[in-house]
Amino acid sequence: MPLDLNFILRNLPLFGKGLVVTVELSLLAILFAMVWGLVVAFGRMARARWLRTLAGAYIELVRDTPVLVQMYFIYFGFSMAGFGMSGFVSGLLALSLQNGGYIAEIYRAGIESISVKQVEGGKALGMSRWDVLSIVVLPQALVRVIPPLANQFIVIIKDTSLASAIAVADLTQIGKLLTERTAAAYEVFLTIAVLYLIMTGIVSGLSRLAERQFAIYH
């Protein structure tokens, strides 16, 4: 069956609406996961044993359970408890919490890759523990973890498609509705695949640009 380009062109506005939702969900999930991941990473490296244990248990919990199950749990569970949230918010929370666990480990690996001598040198200069961390360690660590962070961002973008299972009108949900209405599954999901490739390609390109830009800090 030949590809119906006219069908794709006619429905571009509809795909555009789904794309906007997907981009919004992706960007917010990336932002929240980065911030939450830093908090969890600090807990993972804390001096207090109970805090390290708690952070480690959290990481294992969110990484070892499917994000779709987490979305269902938040969406339906909170509703049953009387704190109903929209599908968008539920999907955002699930994506942020799960990927925050992965990103926490990425941060931790980057921080622990910094030479202890640099930390000791900062302390010898009279810098506080926080100053050493924020001025000496974190800038270098963040540069070193750009590639794995970019990979995680791509995972987040692709996983936003799962939010269609809880009635989020993203690209995948739009595709399902169009397919049911027109039966043009090939055109619909080819278009969606191309749009996802564009989004992930942008992230990959920005990652390579950032690596070259900050190569001096390696």
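Please refer to the structure higher up on the page.
Figured I'd write up the structure that's included with this text. Note that the structure is a prediction, hence the values are computed from the model and not measured.

**As for the environment of Asp64**
Okay, so step 1: Position of Asp64 relative to the elements: it lies in the loop between helix 3 (49–63) and helix 4 (67–80).
Okay, so step 2: Between the C-alpha atom of Asp64 and that of Gln98, which follows or precedes it by 34 residues, the distance is 9.3 Å.

**Some remarks on the layout of surface pockets**
Okay, so step 1: For the second largest pocket, the calculated volume is near 200 Å³.
Okay, so step 2: Taken together, Tyr58, Leu61, Val62, Thr65, Val69, Gln70, Phe73, Ile74, Phe78 and Leu97 make up the lining of the second largest pocket.
Okay, so step 3: Mapped onto the lining of the second largest pocket, the elements with two or more residues apiece are helix 3 and helix 4.
Okay, so step 4: Residues that form the lining of the second largest pocket fall into these classes: eight nonpolar, two polar and no charged.

**A few points about the pattern of salt bridges**
Okay, so step 1: For the structure on display, the rule yields four salt bridges.
Okay, so step 2: Residues Glu105 and Arg108 are paired through a salt bridge, measuring 3.0 Å at the closest nitrogen-oxygen approach. With Glu105 and Arg108 both in helix 5 (residues 87–112) and three residues apart, the pair spans about one turn of that helix.
Okay, so step 3: When the shortest N-O distance is used, the salt bridge between Arg108 and Glu112 registers 3.5 Å. You can see Arg108 and its partner Glu112 sitting in helix 5, four residues apart, about one turn around the helix.

**Some details on the packing of aromatic side chains**
Okay, so step 1: A complete count under the given rule lists three aromatic pairs for this structure.
Okay, so step 2: Summarising the aromatic geometry, the rings of Trp36 and Tyr58 are spaced 5.7 Å apart at their centres and angled 85° between planes, so their arrangement reads as edge-to-face. Linking Trp36 in helix 2 (residues 12–44) with Tyr58 in helix 3, this pair joins segments that are 22 residues apart in sequence.
Okay, so step 3: Ring centres of Tyr75 and Phe76 lie 5.0 Å apart, and the angle between their planes is 75°; on these two criteria the pair is classed as edge-to-face.
Okay, so step 4: Under the relative-accessibility criterion, Tyr75 is labelled partly exposed at 23%.
Okay, so step 5: For Phe76, a relative accessible area of 44% gives the class partly exposed.
Okay, so step 6: Feature note: the residues Tyr72, Tyr75 and Phe76 constitute an aromatic cluster, connected by ring pairs.
Okay, so step 7: In this structure, Arg63 packs its charged tip against the face of Tyr102, placed 5.8 Å from the ring centre.

**Points about the packing of helix 2 against helix 10 (residues 185–213)**
Okay, so step 1: One way to put it is that helix 2 packs onto helix 10 with a least axis distance of 12 Å and a crossing angle of 40°. One element, helix 2, and the other, helix 10, form an angle in the oblique class. As for how helix 2 packs across helix 10, the hand of that crossing is right-handed. In contact with Phe15, Leu19, Thr22 and Val23 of helix 2, helix 10 contributes Val188, Thr191, Ile192, Leu195, Tyr196 and Met199.
Okay, so step 2: For the contact of helix 2 with helix 10, the class distribution of residues is eight nonpolar, two polar and no charged.

**What to know about helix 3**
Okay, so step 1: Spanning 15 residues, helix 3 covers 21 Å between terminal C-alpha atoms, matching the ideal 21 Å at 1.5 Å per step.
Okay, so step 2: Residues of helix 3 that are buried: Ala55, Gly56, Tyr58, Ile59 and Val62. The buried residues of helix 3 occupy an angular sector of 160° when the element is viewed end-on, so they sit on one face. Of the exposed residues in helix 3, those oriented more than 90 degrees away from the buried face are Arg49, Trp50, Thr53, Leu54 and Leu61.
Okay, so step 3: Residues of helix 3 that are buried make contact with helix 2, helix 4 and helix 5.

Cut-offs and rules
- Residues numbered from 1 in each chain as written.
- Predicted model: local features only at pLDDT ≥ 70, side-chain atom pairs only at ≥ 80, totals over all residues.
- Heavy atoms only, no water.
- Helix = DSSP H or I, 4+ residues; strand = E, 2+ residues; numbered from the N terminus.
- 1 Å grid on protein atoms, 1.4 Å probe; cavity = no way out; pocket = protein on both sides within 12 Å on 5 of 7 lines; lining within 4 Å.
- Points joined across faces, edges and corners; volume = space filled by probe spheres on them.
- Nonpolar A, V, L, I, M, F, W, Y, C, P; charged D, E, K, R; others polar.
- Salt bridge = Lys/Arg side-chain N within 4 Å of Asp/Glu carboxyl O.
- Phe/Tyr/Trp six-rings, centres within 6.5 Å; stacked < 30°, edge-to-face > 60°.
- Buried < 20%, exposed > 50% of the residue type's maximum accessible area, 1.4 Å probe, protein only.
- Lys NZ or Arg CZ within 6 Å of the ring centre and 35° of its normal.
- Axes fitted to C-alpha atoms, helices over the stretch in contact; angles between N-to-C directions.
- Parallel < 35°, antiparallel > 145°, perpendicular 65-115°, else oblique.
- Left-handed = near helix turned anticlockwise from the far one by under 90°.
- Contact = heavy atoms within 4.5 Å.
- Expected span 1.5 Å × (residues − 1).
- Arc of directions from axis to C-beta.

Spatial relationships are all this shows, so hold off on functional conclusions.
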